[in-house]
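# Survey of secondary and tertiary structure
What follows is the residue order along each chain.
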Amino acid sequence: MLVTNKEILSAAMAKGYAVGAFNINNLETLLAIVEGSAEERSPVIVAVSPSAIKYAGLEYLATMVKTAGILARVPMALHLDHGKDFETVSKCVDAGFTSVMIDGSHLNFEENISLTKRVVDLAHPKGVSVEGELGRLAGVEESTVEEREAILTDPNVAKEFVERTGVDALAVAIGTSHGAYKFRAKPRLDFERLKAIRKRVEVPLVLHGASGVPSWIVEKAAKYGAELGGAKGIPDEHIKKAISLGITKINIDTDLRLAFTGTVREILATSPKQFDPRKILGPAKKAMKEVVKAKMRLFGSSFRVP
Ligand code: G3H
Ligand code: 13P
Ligand code: ZN
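Here is a short report on the structure shown in this document. (Residues numbered from 1 in each chain as written. Chains lettered and ligands numbered in written order. Predicted model: local features only at pLDDT ≥ 70, side-chain atom pairs only at ≥ 80, totals over all residues. Heavy atoms only, no water.)

### A look at the coordination of the zinc ion (ligand 3)
For the record, the criterion: In this description, a donor is an N, O or S atom within 2.8 Å of the metal centre, a cutoff extended to 3.2 Å for sodium, potassium and calcium. Water is not part of the atom list, which can make sites seem incomplete. Numbering goes from the N terminus for both helices and strands, where a helix is a DSSP run of H or I of at least four residues and a strand is a run of E of at least two. For every residue, the accessible area obtained with a 1.4 Å probe (protein chains only) is divided by the maximum for its type, and the residue is called buried under 20%, exposed over 50%, and partly exposed between those limits.
For the zinc ion (ligand 3), the full set of protein donor atoms is His82 (NE2), His178 (NE2) and His208 (ND1), and the range of their distances to it is 2.1 Å. The motif formed by the donor residues of the zinc ion (ligand 3), counted along the single chain, is H-x95-H-x29-H. Here His208 lies in the loop between strand S7 (205-207) and helix H10 (215-223) and His82 lies in strand S3 (residues 76-83), a separation of 126 residues in the sequence. Judged by relative accessible area, His208 falls into the buried class, the value being 0%.

So, in structure tokens, the structure goes:
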């Protein structure tokens, strides 16, 4: 059975490790997560975004993950990633999600609080966890100090946000961004800010935009025709430091997309006679599973489940 993010993240926070939230759009990605978490004996969060719902359908995705939850021998949560409105959240709660994110980061502070609180009031009585977001995920490399302050999470208001909304987890902006092009120059995260937030806020903290964009995946994809010049992610050492400073949930999508695409490209290029989708998607699933397993080891969540 599926469990909530709250349950998974409380255990992780108490022991000082982080749990991966991996985005899915299809069966192959879900299977990669299911098999990876079983082999690593790791708790895991399956994340579904509104655009994944648009692509594959809420019922298909929810039913697949609920089935995975029944078969899984590790704690698994079904989480709405970047829910932008009350209606989407409400549909996901009805469909059996055990956790939802309401991303009000595009709103002003008071509007973000009011939308997030409304979601908490809907979700908590039904036993569903809620993640809120304060600050915006955007490239901050070339921004001025004032611009950075406006984009990154303000530790002084994070406490008020958590207290007034009642969220179970808080997504923070400390310099990461979504996708494969996170930095033009040297990767840099605002660890002092993270420390200050951790000091003031008691709920688990979430790092979005945490993919590493490993060069071996990018090079393989490029070898078979992908154009990914300048792709850059978060180095593993930064992830370890972020966990040591209080990050408990880590969101990964891009690395799975890259592993999938690189492998599909390789098979199509090296086996031009192949037209059985299982012989193309099977290796892609295996490549994603290896990414999932490596993340679990990096996050310290491996072998936490007896
Ligand atoms: O944070 C965004 C996730 O990577 C999901 O991306 O909206 O394209 O499904 P998506
Ligand atoms: P990446 O694009 O770095 O994988 O981040 C994914 C994410 O934050 C999903 O919410
Ligand atoms: Zn995100």
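There is more to say, and it comes next.
### Side note on the site of ligand 1
Stated precisely, the cut-off is as follows: Neighbouring residues are identified by heavy atoms, a residue being near a molecule or strand if any of them is within 4 Å of it. For this analysis, a polar contact is any N or O atom pair within 3.5 Å, provided that within protein one partner can donate a hydrogen and the other can accept it, and provided that sequence-adjacent residues contribute only side-chain to side-chain pairs. Residue-level accessible areas treat just the shown protein chains as cover; the underlying method is Shrake-Rupley with a 1.4 Å probe. Using a 1 Å grid laid over the protein atoms alone, points where a 1.4 Å probe fits but cannot get out form a cavity; open sets with protein on both sides within 12 Å along at least 5 of 7 lines form a pocket; any residue with an atom within 4 Å of a point counts as lining. A pocket or cavity is taken to hold a molecule when more than half of that molecule's atoms are within 2 Å of the pocket's grid points.
Around ligand 1, the neighbouring residues are Asn23, Ser49, Ser51, Asp81, His82, His178, Asp253 and Arg257. Ser51 is positioned such that a nitrogen or oxygen atom in its side chain is 2.6 Å from an oxygen atom of ligand 1. Within the side chain of Arg257, a nitrogen or oxygen atom sits 3.0 Å from an oxygen atom of ligand 1. Relative to its unbound accessible surface of 310 Å², ligand 1 loses 70% to contact with the protein. Of the pockets mapped on this structure, ligand 1 occupies the largest pocket.

### Some details on the packing of helix H8 (residues 155-165) against helix H9 (residues 191-200)
To keep things clear, this is the line we draw: In this description, a line fitted to the C-alpha atoms serves as the axis of each element, helices being fitted only across the stretch in contact, and the angle between N-to-C directions of two axes falls anywhere from 0 to 180 degrees. For any pair of crossing helices, the crossing counts as left-handed if the nearer helix is rotated counterclockwise from the farther one by less than a right angle, and right-handed if it is rotated clockwise. Any pair of residues with heavy atoms lying within 4.5 Å of one another is described as a contacting pair. Amino acids are sorted into nonpolar (Ala, Val, Leu, Ile, Met, Phe, Trp, Tyr, Cys and Pro), charged (Asp, Glu, Lys and Arg) and polar (every other residue, Gly among them).
In contact at an axis separation of 8 Å, H8 and H9 are set at 35° when each is read in the N-to-C sense. In this structure, H8 meets H9 at a crossing whose hand is right-handed. Between H8 and H9, the contacting residues are Pro155, Asn156, Ala158 and Lys159 on the first element and Arg193, Ala196, Ile197 and Arg200 on the second. Its residues assigned to classes, the contact of H8 with H9 shows four nonpolar, one polar and three charged.

### Some details on the packing of helix H5 (residues 86-94) against helix H6 (residues 109-123)
Going by this rule: An angle counts as roughly parallel when it lies under 35 degrees, as roughly antiparallel when it exceeds 145, as roughly perpendicular when it falls between 65 and 115, and as oblique in every other case.
Relative to each other, H5 and H6 sit at 20°, their axes nearing to 11 Å. With respect to H6, the axis of H5 lies roughly parallel. As for the relative orientation of H5 and H6, their crossing is right-handed in sense. In this structure, H5 uses Phe86, Val89, Ser90 and Val93 to contact H6, whose residues at the interface are Leu115, Arg118, Val119 and Leu122. A class-by-class count of the residues in the contact of H5 with H6 yields six nonpolar, one polar and one charged.

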